[in-house]
Each structure stands twice: as C-alpha cells, then as structure tokens.
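The chain contents come next:
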Amino acid sequence: MASASATGKLSREEFRRQKDLDAARKAGTAPAALDEEGKPINPHIPQYIAQAPWYLDTGAPSLSHQRIPEYDRSSDKLDNWYDRGAKAGPAAKKYRKGACENCGALTHKKQDCLERPRKKGAKFTNRDIAPDEVIQDVASGYDAKRDRWNGYDPAAHREVYEEYEAVEAARQKLREEEIDKRTTTDLAAVRKVAKAGKDKAGARDDDFGSSEDEDEDQDKYAEAADAVGQKLDTKTRITVRNLRIREDTAKYLINLDPSSAYYDPKTRSMRDNPMRNVPEEEARFAGDNFLRFSGEAPEVQKLQLFAWNAAQRGNDVHINALPTQGQLLHKEYVKKKEELKDTTKVSILSKYGGEEYLEKAPKELLNGQTEEYVEYSRTGQVIKGRERAKTKSKYAEDVYVNNHTSVWGSWYDMTSGQWGYACCHSFIHMSYCTGEAGISAAEASSAKNLLQVAAPSSSMPPPPHPVTDNAEDRKKKAEELYSKKRLGEGDLSLDQSKLAQAMGEERKRKAKGDDDDDRSGKKPKGSSYEVSEEELEAYRMNRRMTEDPMANYVDTEL
C-alpha cells in the first residue's frame with residue numbers, strides 16, 4: 001500500500017475506495033498487493049508495520065524497510081591485515097627523484113625512514129638502495145578495528161620460550177661444572193655449591209624466572225611437605241587454611257542429586273549432610289553444622305556468648321584480649337549457677353513436695369519393645385492396631401484442677417443441700433483445694449456445730465439434764481435439726497413480759513430511724529448473739545407492710 005507522502009493527500013472518494021480494496025483483500029475476494037520483488041504482501045499486516053517511514057518510502061507497497069540490509073562483511077575477516085615486510089619487486093640501481101634520501105625507497109620520505117641513518121645517504125652514494133614497500137589499504141570493519149589481537153602472529157611467541165630454554169640450559173651447564181670441580185660426596189655440600197653457583201650465575205632474570213622442579217632447593221620445602229594446602233610460617237608457627245588441597249572432593253560434588261543438601265556458592269557452605277543414608281560419624285563430609293556442634297566448638301560458642309552478655313552488663317570481659325580471664329570467669333559462673341540451681345530445687349521440693357514425680361522410669365521400660373502394632377494419626381488418634389476406647393460422655397472426664405483430687409459434684413452436703421468437692425468439702429467451683437484442713441474447717445463452721453458451741457455459752461436456759469438416749473429422742477432431735485420450718489413459725493409459746501419488753505425496744509429503734517437489721521444495743525465481743533422468738537414477733541408486729549394496699553389508709557369519715 002502506497003504511503004500518503006508519495007501519492008499525496010487522498011480525496012474522500014479515493015480513501016473510500018482504498019478502504020474497500022483493503023477489506024476485499026482481507027476477505028480474500030481481491031488479490032494481495034505485490035512488492036518490488038513480486039512477492040505478495042499479507043493484507044492482515046498492520047499499517048504501522050507495512051507503511052515505510054518518510055526517509056525510506058519508495059512510493060510502492062513494500063516491506064523492505066523491515067528487513068536487515070545486506071552489508072559487505074568481507075572487511076571483518078580475521079586474516080584481513082597488513083602484509084608486514086612485503087617488498088614490491090627488486091630494488092632500483094640508481095637513486096630516483098623524490099625517493100627517501102637515506103635508503104632510496106620511493107614509498108616514504110627521509111623523516112619517516114625506519115632504517116639506521118647512514119653517514120652518507122643513498123642520494124649521494126647510489127648504493128644499497130632499499131626496495132619499495134607494498135602500500136596496502138586495509139578497510140577494517142567495526143569488529144576488526146576494535147580487535148586488540150588483530151594482525152598478531154602466534155609464531156612470534158616461539159622466540160620467547162626459545163630464549164627462555166637457552167638461558168635455562170646455560171644455567172644448568174654452569175651449575176654442573178661447579179659441582180664437577182668439587183670432589184666431595186656430601187649431599188649438603190653439593191646443595192650448597194649448587195646454590196652458590198646459582199647465585200653467582202644468576203643474575204636472576206625476572207622476565208623468565210626459574211623452574212620450580214630444578215632450580216629451587218628441595219630442603220626449603222622439607223618442613224612444609226606435610227602441610228598441604230596450608231600457609232605455614234616456620235618462624236611463628238601460624239597455620240592458616242586458605243585453599244582446598246587438590247585431593248579433596250568439593251562439597252557440591254559429593255552428592256549430585258539436586259534435592260540433596262543446599263550448597264551456598266557465595267559463602268561456600270553446606271550446612272546439612274549431603275549423604276543422608278550414611279551416618280555422620282562415617283561420612284567423609286557430614287555438613288558444616290556437624291563440625292560446628294562437635295568437639296569443643298559448642299564450648300567456645302558458650303564462652304563467647306558469656307563474654308557478650310557480661311559486656312552488656314558492664315563487666316570488662318573480652319575473649320580475644322584476655323582469654324584466660326574470660327575462661328576462668330565463665331567456669332566460676334557455671335559453678336555458681338549449678339549451686340544456685342540445686343539450692344532452688346531443694347527448697348522448692350522441701351516446701352511443696354513432689355519429688356516422686358521427678359524420678360524417671362527404668363531404661364528397660366522406656367526402651368521396651370512389643371509385638372503389638374498400633375498406627376496413629378497426626379493428631380495422636382489411633383487409626384488401627386488397637387480397639388478404640390468407647391467414649392463415656394461428651395465432656396472431659398477425670399480432669400483435676402487447682403490441686404484437687406476429685407471432680408466437682410463428688411460430694412453433697414445434706415444440711416445445706418449444696419454440691420462440692422469430696423477432697424476438701426468446698427462448695428465454691430474452681431476453688432483451690434485445701435485438703436483435710438478444709439474438711440475440718442467446714443465441719444467447724446457448720447450450723448450443727450455452731451449450735452452445739454453456742455448452747456453451753458448461753459446463761460438463760462439451764463443446763464440440760466442427762467437423759468437416756470432412746471430412739472424416740474433421736475428421731476425428735478433429727479426432726480428439729482433438719483426441719484425446714486423457719487424460726488418463729490408454727491405453734492409458739494411466747495412469754496408476755498418478754499414480748500412487751502421487745503415491743504418497747506422495737507418502738508425505740510423505729511423512733512431513732514434505724515431501719516436496718518442491727519439492734520440498738522452493742523453486741524458483746526467474743527460471744528454470739530441470737531434473736532429470741534419474742535424479739536422476732538415484735539419485729540413482725542411493728543414492721544411496715546409495703547405490699548399491703550391498706551397500710552396507709554386513714555378513715556376520715558367518722
């Protein structure tokens with residue numbers, strides 16, 4: 001499709017026809033457009049791809065602007081370089097005008113000549129005229145211009161190691177001659193002569209050096225022969241492991257399974273054991289964690305942790321600066337900690353007891369074996385292998401809280417009609433168990449016991465005469481104790497004088513405005529005060545009946 005820049009601005013009718021033609025080409029009813037090579041153009045290609053930019057537009061439908069242009073890459077070949085030292089034919093016999101005044105070549109001037117300056121140039125002597133060089137025009141491409149090794153001849157490096165071999169051969173021959181001059185069989189003397197000859201001959205060439213196999217003395221490495229892969233200083237005896245020895249196998253090559261232990265290439269650490277099926281004691285490498293937590297490494301970690309904690313509390317403890325002091329302080333700290341722990345344990349056991357629960361079962365029982373197969377789920381429930389126990393109820397059973405030895409509701413008090421704990425006779429739910437002391441306290445505070453204690457302390461009734469304990473008296477006494485009748489109810493025999501006195505005291509209390517349950521008189525300390533039947537009857541007769549609708553009625557029509 002021709003662009004608008006080449007065909008000019010289309011009219012409305014031409015634009016409509018162009019749209020209809022594009023639609024017909026997409027539908028397949030019209031033939032596709034052809035490019036300059038006669039190839040059909042896909043009508044479904046978007047316009048922003050098919051339309052060429054203004055600087056590549058040819059006025060005809062084409063997709064050549066989307067293709068990579070073909071460049072001449074012959075200049076990017078590796079062997080495309082200058083022919084060094086090439087000469088153009090035989091040299092001239094006579095000096096030529098415009099040639100180099102020094103060597104007589106026509107390809108350069110005197111200031112550019114690379115030959116040694118002659119005392120008399122070829123211009124004046126007409127002798128030894130140099131041949132002309134071949135001038136080459138090498139058109140280097142982008143990559144060839146930036147190739148630092150372009151034009152390098154590898155055969156030129158042979159001269160370097162040939163010179164090195166010649167120097168080494170001369171040194172070896174000189175050393176052998178020095179040894180032959182001395183007729184001795186002492187090996188140490190031979191080595192000393194060889195070393196002296198080496199120092200004498202040598203002017204050690206730093207460009208080439210000397211061979212480690214032949215030049216270096218073997219006794220220099222005698223002490224370090226058993227320290228492979230270590231940096232050993234024989235004077236200070238400081239050993240530092242800096243490199244892995246060549247005989248070792250790398251950690252990541254022990255087990256090539258990708259799902260095995262993770263290897264961190266940045267820190268070169270593998271914490272887990274790469275061979276899970278091999279015991280850690282028998283494995284070549286059991287992981288960094290095995291080395292970190294074996295031997296004396298945990299003790300060193302505890303010592304370092306103690307030093308850090310002590311430094312935080314203001315104590316001057318430093319493991320690296322004062323290791324002996326830090327170790328002695330840590331030993332003393334551990335000793336005092338154990339003593340304090342034993343003292344605390346003994347004091348707690350002596351106060352609360354429970355030493356029998358600290359005793360462990362015999363090892364034979366803990367490690368006992370049985371032929372019974374039981375399979376459990378993740379939650380601890382039995383799946384198969386043993387019959388499941390039947391559930392008694394939906395509530396948790398035999399759960400003792402707050403030091404109780406029985407459950408709530410295991411005891412019923414006949415006198416008060418309440419439920420409680422059988423272990424301590426407590427009526428309060430979720431209370432703390434008091435044991436036998438609670439039982440004795442509950443019995444002492446019961447109504448029956450209080451009545452028995454209060455009866456002899458009262459001076460009003462005479463002491464009862466001892467009577468024969470027959471069945472009728474016991475029955476009558478039980479009816480009186482467990483009767484549900486309240487005090488003042490039923491058949492009463494009241495003393496009229498006491499009733500009149502109680503009525504007067506009740507009117508005085510009403511007049512004072514004291515409407516609470518306390519009486520006007522002070523209760524004597526150390527004695528129990530009991531309300532008599534006459535006082536209770538006087539209170540009932542004088543109290544105000546608020547629920548009586550006729551209580552405030554006053555008849556004025558008289």
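Each chain has its residues counted from 1, following the order in which its sequence is written. Local features are withheld for residues below a pLDDT of 70 in this predicted model, meaning they are given only at 70 or higher, and side-chain atom pairs are given and counted only at 80 or more; totals for whole chains, interfaces and linings count all residues. For the side-chain quantities, the full set of heavy atoms in the structure was used; hydrogens and water were omitted.

**Notes on the overall build of the chain**
Here is step 1: A count of helical and extended segments in the chain gives 16 helices and six strands.
Here is step 2: Going through the 558 residues of the chain one by one, you find that 17% of them count as buried.
Here is step 3: Intrachain contacts of the chain at a sequence separation of at least 6 include 38% that bridge at least 24 residues.
Here is step 4: In these tables, accessible area is a Shrake-Rupley quantity obtained with a 1.4 Å probe, and a residue counts as shielded only by the protein chains included in the view. Total accessible area computed for the chain in this model is approximately 47,400 Å², and 52% of it derives from carbon and sulfur atoms. Strands are runs of DSSP state E lasting at least two residues, helices are runs of H or I lasting at least four, and both sets are numbered from the N terminus onward. With a 1.4 Å probe rolled over the protein chains alone, any residue whose accessible area is under 20% of its type maximum counts as buried; one over 50% counts as exposed, and the rest are partly exposed. Here a residue-residue contact requires only that any non-hydrogen atoms of the pair lie within 4.5 Å.

**Here's the deal with the packing of aromatic side chains**
Here is step 1: Here a Phe, Tyr or Trp ring, Trp counted by its six-membered ring, pairs with any other such ring whose centre lies within 6.5 Å, and the pair is stacked when the planes are under 30 degrees apart, edge-to-face when over 60, and tilted otherwise. Under the counting rule described, the total for this entry stands at seven aromatic pairs.
Here is step 2: A ring pair is formed by Trp408 and Tyr421, whose centres lie 5.3 Å apart and whose planes are at 70 degrees; its orientation type is edge-to-face. Taken together, the positions of Trp408 in the loop between strand S4 (382–384) and strand S5 (411–413) and Tyr421 in the loop between strand S6 (418–420) and helix H12 (436–444) put the pair 13 residues apart, joining distant regions of the chain.
Here is step 3: Taking the centre distance of 4.8 Å and the plane angle of 50 degrees together, the rings of Tyr412 and Trp419 count as tilted.

**Section: a nonpolar patch on the surface**
Here is step 1: Candidate patch residues must exceed 30% relative accessible area and have no salt bridge, after which like charges are joined if within 9 Å and Val, Leu, Ile, Met, Phe, Trp or Tyr side chains if within 5 Å. Take a side-chain nitrogen of Lys or Arg and a carboxyl oxygen of Asp or Glu: if they are within 4 Å of each other, that pair is a salt bridge. Together, Trp408, Tyr412, Met414 and Trp419 make up an exposed nonpolar region whose accessible area comes to about 470 Å².
Here is step 2: In this fold, Trp419 is placed in strand S6.

**A short note on the packing of helix H15 (residues 496–512) against helix H16 (residues 533–542)**
Working note: a packed helix pair is described by the angle between its axes plus the distance between those axes.
Here is step 1: H16 packs onto H15 with a crossing angle of 50 degrees between their chain directions and a minimal axis gap of 8 Å. Viewed along their axes, H15 and H16 adopt a mutual orientation that is oblique. Once H15 is placed against H16, the crossing between them reads as right-handed. Residues Lys498, Leu499, Ala502, Met503, Glu505, Glu506, Arg507, Arg509 and Lys510 of H15 lie in contact with H16, whose contacting residues are Glu534, Glu535, Glu537, Ala538, Tyr539, Met541 and Asn542.
Here is step 2: Residue type decides the class: Asp, Glu, Lys and Arg count as charged, Ala, Val, Leu, Ile, Met, Phe, Trp, Tyr, Cys and Pro as nonpolar, and the leftover types, Gly among them, as polar. Looking at the contact of H15 with H16 residue by residue, the classes come out as six nonpolar, one polar and nine charged. Each axis is a line fitted through C-alpha atoms, taken for helices only over the stretch in contact, and angles between the N-to-C directions span 0 to 180 degrees. Every angle not falling under 35 degrees, over 145, or within 65 to 115 is termed oblique; those three ranges are roughly parallel, roughly antiparallel and roughly perpendicular. We call a crossing left-handed when the near helix sits turned anticlockwise from the far one by less than a right angle, and right-handed when that turn is clockwise.

**Focus on the pattern of salt bridges**
Close approach of charged atoms allows side chains with opposite charge to pair.
Here is step 1: Summed over the entire model, instances satisfying the criterion amount to twelve salt bridges.
Here is step 2: For Arg16, the salt bridge is made with Asp20, and the minimal N-O distance between the two is 3.4 Å. Of the two residues, Arg16 and Asp20 are both situated in helix H2 (residues 12–27); the distance of four residues between them amounts to about one turn of the helix.
Here is step 3: For Asp20, a relative accessible area of 43% translates into the label partly exposed.
Here is step 4: In this structure, Glu37 and Lys39 form a salt bridge, with 3.5 Å as the shortest nitrogen-oxygen distance.
Here is step 5: Salt bridges here are not isolated pairs; linked through shared partners, they connect Glu13, Arg16, Arg17 and Asp20.

**So, the packing of helix H9 (residues 297–312) against helix H10 (residues 323–352)**
Here is step 1: Between H9 and H10, the least distance of the axes is 10 Å, while the angle of their chain directions is 90 degrees. The angle between the axes of H9 and H10 places the two elements in the roughly perpendicular class. Residues Lys302, Leu303 and Phe306 of H9 pack against Gly326, Gln327, Leu329, His330 and Tyr333 of H10.
Here is step 2: When the residues that make up the contact of H9 with H10 are grouped by side-chain class, the tally is four nonpolar, three polar and one charged.

**Focus: the side chain of Glu534**
Here is step 1: The topology assignment puts Glu534 in helix H16.
Here is step 2: Buried Glu534, no salt bridge; nearest opposite-charge side chain is Lys498, N-O distance 5.5 Å.
Here is step 3: Look past the residues within four positions of Glu534 in its chain and what remains in contact with it is Leu494, Asp495, Lys498, Leu499 and Ala502. For the purpose of counting charges, residues Lys and Arg are taken to be positive, whereas Asp and Glu are taken to be negative. His and the chain ends are not included.

**Side note on the confidence of the model for the chain**
Here is step 1: Per residue, pLDDT measures the predictor's confidence, with a range of 0 to 100. The pLDDT averaged across the chain works out to 77; a share of 70% of its residues lies at or above 70.
Here is step 2: When the criterion is pLDDT under 50, residues 203–215 qualifies, and its contacts beyond four places in sequence or with other chains add up to 24 contacts.

**Brief notes about the environment of Leu21**
Here is step 1: On the secondary structure map, Leu21 appears in helix H2.
Here is step 2: Classification of Leu21 by relative accessible area gives partly exposed; the value is 32%.
Here is step 3: Separated by eleven residues in the primary sequence, Leu21 and Ala32 place their C-alpha atoms 9.7 Å from one another.

**Brief notes about the environment of Ala122**
Here is step 1: Relative to the assigned elements, Ala122 resides in helix H4 (residues 122–125).
Here is step 2: Given a relative accessible area of 0%, Ala122 falls into the buried group.

**Topic: unusual backbone geometry**
Here is step 1: The phi dihedral of Asn126 falls on the positive side, at around 55 degrees, and the residue is not glycine.
Here is step 2: The residue Asn126 is located in the loop between H4 and helix H5 (142–145) in this model.
Here is step 3: Taking relative accessible area as the criterion, Asn126 reaches 37% and is therefore assigned partly exposed.
Here is step 4: Notably, Met430 is not glycine yet its phi reads approximately 60 degrees, a positive angle.
Here is step 5: Of note, Met430 is situated in the loop between S6 and H12.

**Description of the state of the cysteines**
Here is step 1: In what follows, a disulfide is any cysteine sulfur pair within 2.5 Å. For the structure shown, the criterion picks out zero disulfides.
Here is step 2: Between Cys103, a cysteine without a disulfide, and Cys113, which holds the nearest cysteine sulfur, the sulfur-to-sulfur distance is 3.7 Å.
Here is step 3: On the basis of relative accessible area, Cys103 is assigned to the buried category, the value being 1%.
Here is step 4: Just so you know, Cys433 is unpaired, no disulfide at all, and the nearest cysteine sulfur is the one on Cys423, 3.6 Å from it.

**A closer look at a positive patch on the surface**
Here is step 1: On the surface, a cluster of positive charge is made up of Lys302, Lys337, Lys341 and Lys345.
Here is step 2: Considering every element that reaches the positive patch, the biggest residue donor is H10, with three residues.
Here is step 3: Take Lys345: it is sitting in helix H10.
Here is step 4: With a relative accessible area of 48%, Lys345 lands in the partly exposed category. Throughout, a charge is located at the NZ atom of Lys, the CZ atom of Arg, the CG atom of Asp or the CD atom of Glu.

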